[in-house]
Every structure is written in C-alpha cells, then in structure tokens.
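This is what each chain is made of:
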Amino acid sequence: MNAIDWSQMYWVKDDDGHKVMHLPIQSLIFEEQLNRFNDKKDILQRKYHRIVSSSQEQCERMIRLCLKNSVEVNTKLLDLGINLNQPQTKSRHPELDLLDEPGVLDSLSRWVTNPHYVEAWYVKYNNDQFNIYIDSTNTTNRAWIPELERRNGEFYWPGGGQPDVPIEFIGHTHRYSPTPSAQDTASYINGLNHTIFFNGSFHQY
C-alpha cells in the first residue's frame, strides 16, 4: 500500500453506471505474483498428489490429524507457548518426516517435558534415519509397538516412513529411569535391539 500514489486515483463508470475508483497499480505486479503462486501450487500438487485427489473435508481432517499427533509440531508449538492439548489422541499413523539422530534426540528431549506426555515409540533404520510414533492407547508408562515384519532375518516396519529399510533398533521414552519395566521385558522381540530414551540418550536393554 505504501507504493501507491494516491494522488493518481481516478474514477470510471462500470457497465451499470456506478462510479468505481481505480488505483494506479500496474497489473503486471499482480500477474507476476499470480504466476509465482501457480508455479508453487503446481509443485505442491505434484509432490502431494494424495491431497489433490481428496475432498476439502478430507484434506482438513488429514491436516488436523497431523497437527494433533506430530511430536515435532507439538513440541515446537509448546516452545511458542501454544498447546494444542491433544498430542496423543487417535494416532494410528507414524510421523513420516524422517529425522537424523540430533533431530530425534532434540524432539524426544522436548517431548518428555510436555504436560500431556505419553510414552513415544521410535525406530532407527539401518540408514541412520528415525521415525517417531505415538499410538492412541499409549500412556505415561506404556508405549505400544506397531506391527513389525520379519524378512530374511531382518525386521521392517511396513507402516513406517521407510518400509523397505531394515530396522537397526526400536525404543520408547521414559521420564524417570532407563530401567525397563516388567511390561517392557514381556513385550521384548527376540532378534531385535531394544532401547529406552532417557535423559537425552538411548539405553539398550
């Protein structure tokens, strides 16, 4: 608005005879912005083709689900003083954004300070990437393990961010101790490395 020369305004009549004020703004500016917007839209549509084929209601539902169940989003919002208040509800989907080790350590460290904390489950793949997962039935003392698959001696997570990459180890968060609970040991999967995230680091058991 500061770029407008208000002294150059003028009036014209529309088809119905009403006076309409015109501002001295070059349409080229809007055309350039519109072209840039359309270019970005095309790129996003190609990248997220699932959203393009979904209705507006489905898109809004997917966005709300991602916001409510994303460890990354909720911890960053908490840093800004914004609490969605439902970080652990109705999640049956992993957080598919892959994280490296510094990223997952930072996310989990902030997650355990969340006032609505429940145990978060995580997986490390053989390519040094991580996923975080929170099931709707998780509690402050229990994290459910999603269904894993064993092929040729290696474990895979079909529902994870890298379903064809072998798993190096799995684990979950603890707030007060790196010691596994009786439920942890009872649910131990033979042939797979298990860890507990406590006080900023992974503890194998």
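So, a few notes on the structure that sits alongside this text.

Right, let's get into the pairing of strand 4 (residues 121-125). In terms of burial, strand 4 is largely enclosed, as 5 of its 5 residues are buried. With burial as the criterion, each face of strand 4 is covered, one bearing W121, V123 and Y125 and the other bearing Y122 and K124. Sheet topology places strand 4 next to strand 5 (residues 130-133); 4 bridges connect them, and they run antiparallel. Bridge pairing in strand 5 places V123 opposite N131. The turn linking strand 4 back onto strand 5 is made up of 4 residues, and D128 within it adopts a positive phi angle of 70°. Bridging between strand 4 and strand 8 (residues 167-173) involves 5 bridges; their strand directions are antiparallel. Bridge pairing links K124 to F169 in strand 8.

Summed over the entire model, instances satisfying the criterion amount to 6 salt bridges. Ionic pairing is found between K124 and D128, a salt bridge with its closest N-O pair at 3.5 Å. The partner of D164 in a salt bridge is R151, with the nearest N and O atoms 4.0 Å apart. Taken together, the positions of D164 in the loop between strand 7 (154-156) and strand 8 and R151 in strand 6 (residues 149-151) put the pair 13 residues apart, joining distant regions of the chain. Linked through salt bridges whose partners overlap, the residues forming this network are E101, K124, D128 and E168.

Its identity as a non-glycine residue notwithstanding, N152 has a phi of 50°, on the positive side. Along the chain, the position of N152 falls in the loop between strand 6 and strand 7. When its relative accessible area of 83% is taken as the criterion, N152 is described as exposed. In this structure, N199 is a non-glycine residue whose phi angle is positive, near 55°. Along the chain, N199 turns up in the loop between strand 9 (193-198) and strand 10 (201-204).

Moving on, we get to helix 5 (residues 101-111). Think of an α-helix as 3.6 residues a turn; residues three or four steps apart then line up on the same face. Taken together, the buried positions of helix 5 are V104, L105, S107, L108, R110 and W111. Near the N-terminus of helix 5, the side chain that reaches the backbone nitrogen of G103, with its oxygen 2.8 Å away, is that of D100.

The rules behind the values
Residues numbered from 1 in each chain as written. Predicted model: local features only at pLDDT ≥ 70, side-chain atom pairs only at ≥ 80, totals over all residues. Heavy atoms only, no water. Buried < 20%, exposed > 50% of the residue type's maximum accessible area, 1.4 Å probe, protein only. Helix = DSSP H or I, 4+ residues; strand = E, 2+ residues; numbered from the N terminus. Pairing = 2+ DSSP bridges. Salt bridge = Lys/Arg side-chain N within 4 Å of Asp/Glu carboxyl O. Polar contact = N/O pair within 3.5 Å; in protein donor to acceptor, adjacent residues only side chain to side chain.

By themselves, these observations are geometric and do not establish any function.
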